[in-house]
Amino acid sequence: MSEQRRIGYHWNLRQRMADHNLWKTTELIPLLKSRGINLSNAQVHRLVTGTPERIPARTFAALCDILDCTPNDLFEPYVEIRAAATADAPANPADLGLGEKRTVARRIRVVRSDGDDGTTT
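Residues numbered from 1 in each chain as written. Predicted model: local features only at pLDDT ≥ 70, side-chain atom pairs only at ≥ 80, totals over all residues. Heavy atoms only, no water.

1. Thoughts on helix H3 (residues 41–49)
Stage number 1. For H3, the complete set of buried residues consists of Val44, Leu47 and Val48. Seen from one end, H3 has its buried residues packed into an arc of 95°, which puts them on one side.
Stage number 2. The inward-facing, buried residues of H3 abut strand S1 (3–11), helix H1 (13–19), helix H2 (28–33) and helix H4 (57–66). (Buried < 20%, exposed > 50% of the residue type's maximum accessible area, 1.4 Å probe, protein only. Helix = DSSP H or I, 4+ residues; strand = E, 2+ residues; numbered from the N terminus. Arc of directions from axis to C-beta. Contact = heavy atoms within 4.5 Å.)

2. Quick look at the pattern of salt bridges
Stage number 1. Applying the stated criterion to the full structure yields three salt bridges.
Stage number 2. We note a salt bridge from Arg6 to Glu80, for which the minimum N-O separation is 3.1 Å. Of this pair, Arg6 sits in strand S1 while Glu80 is found in strand S2 (residues 75–84), placing the two residues 74 residues apart along the sequence.
Stage number 3. For Arg6, a relative accessible area of 47% puts it in the partly exposed group.
Stage number 4. According to the relative accessible area criterion, Glu80 is partly exposed, its value standing at 39%.
Stage number 5. Notably, a salt bridge pairs Asp65 with Arg35, separated by 2.6 Å at the nearest N-O pair. You can see Asp65 sitting in helix H4 and its partner Arg35 sitting in the loop between H2 and H3, a full 30 residues away along the chain.
Stage number 6. Judged by its relative accessible area of 49%, Asp65 falls in the partly exposed class.
Stage number 7. Judged by its relative accessible area of 34%, Arg35 is partly exposed. (Salt bridge = Lys/Arg side-chain N within 4 Å of Asp/Glu carboxyl O.)

Right, here's the structure in full:
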């Protein structure tokens, strides 16, 4: 059975800027312009303070050049959720040993027992 994963990522631009003593988003604009990247104040602000869904490769390369870092320093992927591709649960309620009139889902309440062994009742 194959595994399904949802991948997220950390965008570390603000941290890399702080490492280079760049504290304001406006300080990044002339550095980008000197590398041929013309972004508005609002675009640079969103790039620094948010997590971009898309970023042009030239802009990404310019940021790496400005901050003297690798793409891995700016963009750090991680696994958000891992799940099995399919569940092994039976598709038919009769396969669970339930009659026609009985529901499959039931609300239960788990209560810890007084014992130290961590069993539940």
